[in-house]
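This is what each chain is made of:
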Amino acid sequence: MPHRSIIEPFKIKSVQSIDLPTVEEREEALQGAGYNLFGLHADAVIIDLLTDSGTGAMSARQWAGMMLGDESYAGGRSFFKFESTVKDITGYAEVIPTHQGRAAERILFANAVKEGDVVPSNTHFDTTRANVEYQGAEARDIVIEEGRDPAIVLPFKGNLDISALQATIADVGADRIPMVMVTVTNNSGGGQPVSIANLRAVREVCDEHGLPMILDACRFAENAWFIKLREEGYADKTPREIAREMFSIADGCTMSAKKDGLANIGGFLALNDPDLAGKCRNLLILTEGFPTYGGLAGYDLEAIAVGLEEVLDENYLRYRIRSTEYLAEKVYAAGVPIVRPAGGHAVYLDAKALLPHIPPDQYPAQALAVELYRNGGVRGVEIGSVMFGKLQPDGSETPAPMELVRLAIPRRTYTQSHIDFVAEVVIDVAMGAADMGGYRIVEQAPWLRHFTARFEPV
Ligand code: F0G
């Protein structure tokens, strides 16, 4: 057989036009937004790679399913369809719908995490970290050493460091560790997968100390596909079988259906522990809604139920993971430093390596993100010292370990020529790296500052 491209396994049935703002319009938009790309009108963006969360295209089957949505307040038919799909994929006994992932985190942590606790994870996502810290606890990232080095190529750079987990338990004591979390794939660490072997090793340590293990399962299907491609003994298993095995190792999961649920909104908390689930449901009623809709419409539950099935399709996953790798290969071949290997949902540009002349307190990744927008209307997101830098009492800042710009690929949304355009913009910007300057923050919120901070060029 001659070589064949891995094509998008879908046809486009409905389109949304993209405005093509000029360079001058983009410059004006940047100033208006205080050089924070979260502050832009999305119409001023040409290719929007801010996030892969809720930004994907739903399928005809999902839209058709939405017409079947049952909007009963309690016990709606759509809930039972959603519940049985989640149970079937995860194997967990208790399924609690939420309006998105962070709502699942909030009801879980409010009931299971208390002041002074420590929650270890390979890497907490920013909302997860903030929800842990909001309980007065510490969110501790213990990804393997290699996971912090963008250049090292390894199959499972999202793995949790088992000896660091043991050291953490010895250091703070098991009674102050309410759970161990594992994020699959490891979003903030480059979208890197976690192996089954590593999940089993985490489980073993948890069992030794009687600790619950919870997956942050936002990108579980992408993680399962990487296991199929890269872990010995999994090549002949289906993504569904692998996903089921991943879930079976843990005691529950938080999930944002805006990622591998292929939906525009939604999430869930799934657990085996009925007592904890009961407490979480009570808080859900207080803040989200009745436990059979959890802040969602019945039609959202339908869309998620269908999406969770579609995301495990092999043709979809083969295309999905390949399309991200395609962008990574193009920019890397042109000499642009990136986190390697390519992540599942995103390509991460290494701003520290590209802009060594911009110090961390002038936010090199922010500078790079701004320049990608200015140059080509491409919107990515800073994952560096703006997002994770820690303000010290003396006013200085401890920088984040990595300075990355994430280009997250919405699911089933952009075509190969869109991605070719993105690669052209990235390469063009990288060629002018030496002339780029840094930014300073002129306004910021006490937490999750990256969403609303305003900047000015240094
Ligand atoms: N956990 C991970 C690993 C995530 O990536 C996200 C969201 C969440 C939890 C929270 O889910 O947004 O539904 O409340 N990540 C998005 C992103 C926002 O852009 O990576 P949510």
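Reading guide: rules and limits
- Residues numbered from 1 in each chain as written.
- Predicted model: local features only at pLDDT ≥ 70, side-chain atom pairs only at ≥ 80, totals over all residues.
- Heavy atoms only, no water.
- Axes fitted to C-alpha atoms, helices over the stretch in contact; angles between N-to-C directions.
- Helix = DSSP H or I, 4+ residues; strand = E, 2+ residues; numbered from the N terminus.
- Parallel < 35°, antiparallel > 145°, perpendicular 65-115°, else oblique.
- Left-handed = near helix turned anticlockwise from the far one by under 90°.
- Contact = heavy atoms within 4.5 Å.
- Nonpolar A, V, L, I, M, F, W, Y, C, P; charged D, E, K, R; others polar.
- Near = heavy atom within 4 Å.
- Polar contact = N/O pair within 3.5 Å; in protein donor to acceptor, adjacent residues only side chain to side chain.
- Areas by Shrake-Rupley, 256 points an atom, 1.4 Å probe, with all protein chains shown as cover.
- Salt bridge = Lys/Arg side-chain N within 4 Å of Asp/Glu carboxyl O.
- Buried < 20%, exposed > 50% of the residue type's maximum accessible area, 1.4 Å probe, protein only.
- Pairing = 2+ DSSP bridges.

Some words on the packing of helix H7 (residues 196-209) against helix H9 (residues 239-249)
So, point 1. Contact pair H7 / H9: the axes reach a minimum separation of 9 Å and the direction vectors enclose 15°. By the angle class used here, H7 and H9 are roughly parallel. Our pair here, H7 against H9, has a crossing hand that is left-handed. Across the interface between the two elements, Ile196, Leu199, Arg200 and Arg203 from H7 touch Ile242, Glu245, Met246 and Ile249 from H9.
So, point 2. Its residues assigned to classes, the contact of H7 with H9 shows five nonpolar, no polar and three charged.

As for the site of the ligand
So, point 1. Around the ligand sit 18 residues in total, of which Thr51, Arg102, Asp216, Ser256 and Lys259 are the nearest.
So, point 2. At a separation of 2.8 Å, an oxygen atom of the ligand approaches a polar backbone atom of Gly101.
So, point 3. Side-chain polar atom of Asp216 to a nitrogen atom of the ligand: 2.6 Å apart, as the coordinates give it.
So, point 4. Look at the ligand: alone it shows 470 Å² of surface, and the protein chains cover 94% of it.

Things to note about the environment of Thr123
So, point 1. One can find Thr123 in the loop between strand S3 (118-121) and helix H5 (126-134).
So, point 2. Between the C-alpha atoms of Thr123 and Gln392, which are 269 residues apart in sequence, the distance is 22 Å.
So, point 3. Not counting the four nearest positions on each side in its chain, Thr123 is found in contact with Asp141, Val143, Thr183, Asn186 and Ser188.
So, point 4. Polar side-chain contacts of Thr123 include one of 3.0 Å to the side chain of Asn186.

Observations concerning the pattern of salt bridges
So, point 1. Counted according to the given criterion, the structure contains 30 salt bridges.
So, point 2. One salt bridge connects Lys228 with Glu314, and the closest N-O pair in it is separated by 3.7 Å. You can see Lys228 sitting in helix H8 (residues 220-230) and its partner Glu314 sitting in helix H12 (residues 314-333), a full 86 residues away along the chain.
So, point 3. On the accessibility criterion, Glu314 (25% relative accessible area) is partly exposed.
So, point 4. It is possible to trace a salt-bridge network through shared partners that takes in Asp52, Arg219, Glu222, Asp260, Arg320 and Arg411.

A closer look at the sheet that holds strand S11 (residues 381-383)
So, point 1. Strand order in this open sheet of three strands is S9-S14-S11, and the pairing throughout is antiparallel. The outermost strands of the open sheet, each flanked by one partner alone, are strand S9 (346-350) and S11. Mean inter-strand twist for the sheet, computed between neighbouring axes without regard to direction, equals 35°.
So, point 2. Bridge analysis of S11 against strand S14 (residues 404-408) gives three bridges, and the strand direction is antiparallel. Across the sheet, residue Glu382 finds its bridge partner in S14, namely Val405.
So, point 3. Sheet strands in contact with helix H14 (residues 364-376) are S9, S11 and S14, and its direction is about 40° off that of S14.

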